[in-house]
Structures are given as C-alpha cells and as structure tokens.
Amino acid sequence: MGTLLCLPYYFLDPSIKVERLNIATDPVTHLGIFTFGPEFALILLLLVVITYIILMLKLLNENLINLKSYFSNIENKDLSWIRWSVVLLVCSASLSAVLLFMPSSIADSWEIRIFNLLFELSWLVLIGAMAVDQKPIQMTTKNKNKLKGVPSNVQKKKYARSGVNDNDLERLGLKIETCITLNKLHLDPDLTLRKLSIETGISETLISQVLNTFFCLGFYDFINKLRIDYAIELMKKSDDTLLIIAMDSGFNSRSTFNLAFKKHKSETPSQFRRTLKQLR
C-alpha cells in the first residue's frame, strides 16, 4: 500500500521531486497533491504500528490470564519485558510522527538524527538482551484449551453445563482448600495447577471450575490469598522482616508480595504491620 501511495511521486519530473524534498513542510500546495506520496506512506506505517501494538497488548493480556490460571507464581513468566518493548515502540513511533510534521530544517539536523539513532539502537539492544535471557515457559497440562482466561461471569455460564451442582462445588471446594492448607501446598512457590491436581486427585478442569465458580477466584489469586492469610499469621507471631515473611509464605520476591497483599487487603504489608503494632 505504501508503494502504491508513492508511485505518483516517483513518476513526477525529477526537478519537482528535488524541490519537494528540499523545501520545508509548509509551502507545498503549488507542487500538487501527488508530491505527498512518501508522507502518506509514513502515516500509513504509523497506523500499521498502532494496530500492531494494540494486537500485541491484547495477546499479552490473554497470555497473562492463562499464566494465572496455571501458575501460582508468574514472576519471570509474565513477559513484562515485552510490555516495556511496547512502551518503547510507542515512544519511537511518536518521535517519528513528531519529526514527520516538523520543518526539515529541524527534523534533518544532525543533533536530531544522532539522538534518534541512539534511541533506536539502545532500546533494540535492551529488548534483544531481555529476549535472549527469557527462559522457556512450560505448561504441562492436558487441558491447555480449557485454561484460556475469561471473566468470572463468563466462566460461570461456561461451567453451567458441566453437570456439577452447588453441593458438589461446595464439597470439592472444601476438599481442595483443606488439602492445600493441611499439606501447606500454598507455601510451595512452584505450585502449579498440575501439582494441585495430583495432590487432590481432582482434574485440572474441575479445580478451575470450583475456584472460579465457588470461590470466585482464579488459581493464581486463590493461592495468593491463602499465602497472604499465612503471612498475616506470621506477622502476628514474629518480628521477622517482611522479606523473610514473604519468602516463608511462598512468594518469590518482596515486590510480588506487596502487590498481592495490597490487592487482597487494600493496604501494603508495612501499613498492616504498623496497624498491628498500634493494636498491641
């Protein structure tokens, strides 16, 4: 499409093409609309980039939901470096758009050219290094097609045809929760849906159904909720640092612990601990 837009420009008289390239972006009306072919092509490229970014973010969001339906810890698995690459890609596209509409006396200056070149080179090298460092993500489940993340209300409608009634959901929910807490499975940072299925003797699909419909939580959030409850008990009994408590509760890092704690308790671990000390 970009080539087609540029064709009329290529067939113009060479003197007009040179004049078009050498003038500023404002006084171009006397040269005719066909001289805008390269500009139209660049604008089209920007639209393609925007579309690509939107689709990329959509796929990343779906991948994140799927990870949370299988892993209890998604650190180093959530492909956050790709999100950063999207941010840098947006910055790069925005810079190109700005330069496109700037006078050539500014856009073509050596300072702008060097800055643009260094910026492009830096983020490409950074993203390339992160891509090489990314470890494979293995989901050893027999029901990968069942793990596609969808909202909880849609999950309930989907599971309505499964034939599992409310009494069965309650019984299975109690069995799953009891098995986890008694065996302290939630303290295993590498706990997966597959491991939980083996420990409980319940299929992965059925566990997902129970968690989403009875507890109204996905696998990731359900396990982290149990970890947060365990961490709170540790806070009440000991003065260990929050990092030690986080690790003892099954989290891989302090930052993940903070995010999960704030999500389930609406305050940070530090704020919660201060409140505990005030109540003593």
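Scroll up to find the structure.
Scoring rules and cut-offs
- Residues numbered from 1 in each chain as written.
- Predicted model: local features only at pLDDT ≥ 70, side-chain atom pairs only at ≥ 80, totals over all residues.
- Heavy atoms only, no water.
- Salt bridge = Lys/Arg side-chain N within 4 Å of Asp/Glu carboxyl O.
- Helix = DSSP H or I, 4+ residues; strand = E, 2+ residues; numbered from the N terminus.
- Buried < 20%, exposed > 50% of the residue type's maximum accessible area, 1.4 Å probe, protein only.
- Axes fitted to C-alpha atoms, helices over the stretch in contact; angles between N-to-C directions.
- Parallel < 35°, antiparallel > 145°, perpendicular 65-115°, else oblique.
- Contact = heavy atoms within 4.5 Å.
- Nonpolar A, V, L, I, M, F, W, Y, C, P; charged D, E, K, R; others polar.

Enquirer: Explain the pattern of salt bridges here, please?
Expert: Note that side chains of opposite charge can pair when their charged atoms are close. A complete count under the given rule lists eight salt bridges for this structure. Here Asp-168 and Arg-171 are joined by a salt bridge, their closest N and O atoms 3.6 Å apart. A residue pair is termed a helical-turn pair when its members lie 3 or 4 positions apart in one helix, as Asp-168 and Arg-171 do in helix α8 (residues 166–183) at three residues. Of the charged contacts, one joins Lys-236 and Glu-233 as a salt bridge, the two residues approaching to 3.9 Å between their closest N and O atoms. Here Lys-236 pairs with Glu-233, and both are found in helix α11 (residues 219–237), just three residues apart, close to one helical turn. With a relative accessible area of 37%, Glu-233 lands in the partly exposed category. Here the salt bridges do not stand alone but share partners, grouping Lys-225, Asp-229 and Lys-265 into one network.

Enquirer: Honestly, the packing of α11 against helix α13 (residues 254–265) in this entry has me stumped. Any pointers?
Expert: Angle between the axes and distance between the axes: these two values describe a pair of packed helices. Close contact between α11 and α13 brings their axes to 10 Å; oriented N to C, the two are set at 95 degrees. Between α11 and α13, the angle falls in the class roughly perpendicular. Here α11 contributes Tyr-220, Asp-221, Asn-224, Lys-225, Ile-228, Asp-229, Ala-231, Ile-232 and Met-235 to the contact with α13, which in turn contributes Thr-256, Phe-257, Ala-260, Phe-261, Lys-263, His-264 and Lys-265. Split into classes, the residues belonging to the contact of α11 with α13 amount to eight nonpolar, three polar and five charged.

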